[in-house]
Amino acid sequence: MTIKENDEWNSDKILEDIESKISQHVVDDISLFYGKSGICIFYFEMFRHFGTPAYLGKCEKLIDEIVGALKDRKTDYTISRGLAGTAWALDFLSSRGVEIDTQYKADIDALLYINSLRALMNRSVGYFDGSLGTVLYAANRLPDDKATGFLYQYVAVIKSKMNQNLNLPPWDYFDSISKDSSHSYPTTLESSVGVSDLANILTTVFKRDFLKNEIPSLVDRALTWLTSVHATDDAYGQKAIHANPVLHSGILRIAWTFWKAGVVFKQASWKSRALLLVDTLVQLSNKTEKSMLDASLLTGTSGIAHLFNRFYHETGDDRYLFQYLYWSKITLDKVFDNKRQDEKQSRLSFNKIDVEKPIETMAGIAGFGMTILSKNNITRFDWDECLLIT
């Protein structure tokens, strides 16, 4: 199949259709991936793209609603559904010149700091819905002295768990999982993504000059384990890559961890491992496409497209640009009503966004819009820090 960058789709028209759909819904949730915080970022990026003041106005209106609702959000502190994500979104916008009442910061910081420390021993250690997301909050928002103390405690917990067995993942509930174990394959991939996200978040923290003597060895141990599990020259490695490439919990996410760590720690072997995983997925794209039913950012085809776009901008490899366009085309085929031949009469059907996700949010079509906004402008990648893709 031949794909051209402007083949059969008009980016600006799609973005306007997405915004129109979002504006038709009222969202009560204020979280980053499932509520108003993510939609705020979409509107801000729409303003940066089009220069239309109305989009900035919608962003600011949602910010007021979010800040007003913060007092009632004291039960979830994760990055995807809770206060850590909302705090990240507000800081993202504030640092880019959006005026926000700073009164919210003290209350959020107090709540997140206390509950993040409590979460350190929680067995839910994933990034999106576990305690790892709070580490990003700590590095971004806490004063240096508090952030350093928080991260020391976090690393101490991780080290104690890693010391249980040098050859297995660094969390106790992963201790019996390896590629030769009797555990089912999805559980093994889940543990791999967990270890990958640990290495990724520690690399992110390391970039900010925290714990320079502690982090490299932890990252090295995590990536050494991942290398042994995800060899691409055996049946298991091929199965892992074929089964789940998505941004939220798939092999491309693991590949990005290798790449990012390779860049930060100047390890060419890790960068090579990343590209080996990506190249193997490229070879399997036609097979993988058939199993993808979702068009969303976190668990569908638009997230795959976004990661390939990232790798293209990092490497300049035209094969990854082709893959970006390939997966974008698949995404558009999933969300467009292609029965209408006249582009002016075409419409987004949105019926292939997972129905469990609020359709208008970052986990739905707003996230799809963010990948389009990032298509040609590398400076627009700054928003994806919340995905650990930065």
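Residues numbered from 1 in each chain as written. Predicted model: local features only at pLDDT ≥ 70, side-chain atom pairs only at ≥ 80, totals over all residues. Heavy atoms only, no water.

**Quick word on the overall build of the protein chain**
For clarity, the cut-off: Helical segments are the DSSP runs of H or I of at least four residues, strand segments are the runs of E of at least two, and each set is numbered from the N terminus. Note on exposure labels: buried denotes an accessible area under 20% of the residue type's maximum, exposed denotes more than 50%, and partly exposed covers the range between, all computed with a 1.4 Å probe on protein chains only. Each accessible area is a Shrake-Rupley estimate made with a 1.4 Å probe; only the visible protein chains count as cover when residues are assessed.
The number of helices and strands found in the protein chain is 16 helices and zero strands. Across the 390 residues that make up the protein chain, the buried fraction comes to 56%. For the protein chain, the exposed area adds up to about 16300 Å²; of that, 48% sits on carbon and sulfur atoms.

**Here's the deal with helix 4 (residues 83-94)**
Note the following rule: How far a helix is expected to stretch is found by multiplying one less than its residue total by 1.5 Å.
Relative to the 16 Å expected for 12 residues at 1.5 Å per residue, helix 4 spans 16 Å between its end C-alpha atoms, a close match to the ideal helical length. Extensive coverage of helix 4 is indicated by the burial of 10 of its 12 residues. When helix 4 is considered as a whole, its buried residues turn out to be Leu83, Ala84, Gly85, Thr86, Ala87, Trp88, Ala89, Leu90, Phe92 and Leu93.

**Side note on the state of the cysteines**
Definition in use: To count as a disulfide, a pair of cysteine sulfur atoms needs to be within 2.5 Å.
Using the criterion set out here, one finds zero disulfides in the structure. Cysteine Cys40 is unpaired, with the sulfur of Cys59 as its nearest cysteine sulfur at 4.5 Å. Judged by relative accessible area, which is 1%, Cys40 ranks as buried.

**As for the packing of helix 12 (residues 268-283) against helix 14 (residues 301-315)**
Rule in force here: Angles here are taken between N-to-C directions and fall from 0 to 180 degrees, while the axes themselves are lines fitted to C-alpha atoms, restricted in helices to the stretch in contact. Angles below 35 degrees are treated as roughly parallel, those above 145 as roughly antiparallel, those between 65 and 115 as roughly perpendicular, and all remaining angles as oblique. With the far helix as reference, a near helix turned anticlockwise by less than a right angle produces a left-handed crossing, and one turned clockwise produces a right-handed crossing. Contacts: residue pairs with any heavy atoms within 4.5 Å of one another. Here the nonpolar group is Ala, Val, Leu, Ile, Met, Phe, Trp, Tyr, Cys and Pro; Asp, Glu, Lys and Arg are the charged ones; every other residue, Gly included, is treated as polar.
Contact pair helix 12 / helix 14: the axes reach a minimum separation of 12 Å and the direction vectors enclose 125 degrees. When the interaxial angle is binned, helix 12 and helix 14 end up oblique. Between helix 12 and helix 14 lies a crossing of left-handed hand. Across the interface between the two elements, Leu275, Val278, Leu281 and Val282 from helix 12 touch Phe308, Phe311 and Thr315 from helix 14. When grouped by side-chain class, the residues that make up the contact of helix 12 with helix 14 number six nonpolar, one polar and no charged.

**Brief notes about the environment of Ala295**
On the secondary structure map, Ala295 appears in the loop between helix 13 (285-290) and helix 14. Exposure remark for Ala295: the relative accessible area of 0% places this residue in the buried category.

**Some thoughts on the packing of aromatic side chains**
So the rule is basically this: What counts as a ring pair is set by centres within 6.5 Å for rings of Phe, Tyr and Trp (its six-membered ring), and what kind of pair is set by the plane angle: stacked under 30 degrees, edge-to-face over 60, tilted for all other angles. In this scheme, the term charge over a ring applies when either NZ of a lysine or CZ of an arginine sits within 6 Å of the ring centre and within 35 degrees of the ring normal.
Throughout the structure, instances matching the rule amount to 15 aromatic pairs. Each ring, one from Phe33 and one from Phe128, has its centre 5.6 Å from the other, and the planes form 70 degrees; the classification is edge-to-face. Of this pair, Phe33 sits in the loop between helix 1 (11-23) and helix 2 (36-50) while Phe128 sits in the loop between helix 5 (103-119) and helix 6 (132-141); the two residues are 95 residues apart in sequence, bridging distant segments of the chain. When sorted by exposure, Phe33 lands in the same class as Phe128, which is buried. Centre to centre, the rings of Phe44 and Phe92 are 6.5 Å apart; their planes meet at 90 degrees, and the pair counts as edge-to-face. Of this pair, Phe44 sits in helix 2 while Phe92 sits in helix 4, and the two are 48 residues apart along the sequence. Across this residue pair, the class does not change: Phe44 and Phe92 are buried. Grouping aromatic residues by their ring pairs yields a cluster made of Trp256, Trp259, Phe308, Phe311 and Tyr320. Sitting over the ring of Phe92, Arg96 keeps its end group 3.9 Å from the ring centre.

**A short note on helix 1**
Three- or four-residue spacings in an α-helix give side chains the same orientation, since the helix completes a turn every 3.6 residues. To be explicit about the condition: Polar contacts here mean pairs of N or O atoms no more than 3.5 Å apart (in protein, one a potential hydrogen donor and the other a potential acceptor; neighbouring residues in sequence count only if both atoms are side-chain atoms).
Given a rise of 1.5 Å per residue, 13 residues ought to cover 18 Å, and the 18 Å separating the end C-alpha atoms of helix 1 matches this to within 8%. Along helix 1, the residues classified as buried are Ser11, Lys13, Ile14, Leu15, Ile18, Glu19 and Ile22. Its side-chain oxygen 3.1 Å from the backbone nitrogen of Asp12, Asn10 forms the N-cap of helix 1.

**Description of the side chain of Arg310**
The topology assignment puts Arg310 in helix 14. Arg310 gets classed as buried once you look at its relative accessible area, which sits at 8%. Leave out the neighbours within four places in its chain, and Arg310 touches Trp256, Phe381, Asp384, Ile389 and Thr390.

**Some points on the pattern of salt bridges**
This is how the line gets drawn: A side-chain nitrogen of Lys or Arg and a carboxyl oxygen of Asp or Glu constitute a salt bridge if their distance falls within 4 Å.
A full pass over the atoms with the stated rule returns 12 salt bridges. Connected through salt bridges with shared partners, the residues Glu45, Arg48, Arg96 and Asp382 form a single ionic network.

**So, the nonpolar core**
Looking at soluble globular proteins, one finds that nonpolar side chains tend to be buried together. To keep things clear, this is the line we draw: Residues enter a nonpolar core if they are buried and are Ala, Val, Leu, Ile, Met, Phe, Trp, Tyr or Cys, with the set joined through side-chain atoms within 4.5 Å.
Counting 112 residues, the largest nonpolar core has Ile41, Leu93, Phe308 and Leu387 as its most contacted members. The dominant element in this core, judged by the number of residues it contributes, is helix 11 (residues 251-264), at nine residues. With residues near it in sequence (within four places) discarded, Leu387 still touches Phe33, Tyr127, Phe128, Leu247, Arg253, Leu297 and Leu298.

**Some points on the confidence of the model for the protein chain**
Detailed reading of the predicted coordinates is not advisable wherever pLDDT falls low. Selection rule: What pLDDT reports is the predictor's confidence in each residue, on a scale of 0 through 100.
Mean pLDDT for the protein chain: 75, with 70% of residues reaching 70 or above. Mean pLDDT values for the elements of the protein chain range from 49 in helix 10 (residues 235-243) up to 94 in helix 2. Segment residues 1-7: pLDDT under 50, and 11 contacts once partners within four positions in sequence are set aside and those in other chains are kept. pLDDT under 50 marks residues 165-187. Its contacts with residues more than four places away, or in other chains, come to 48 contacts.

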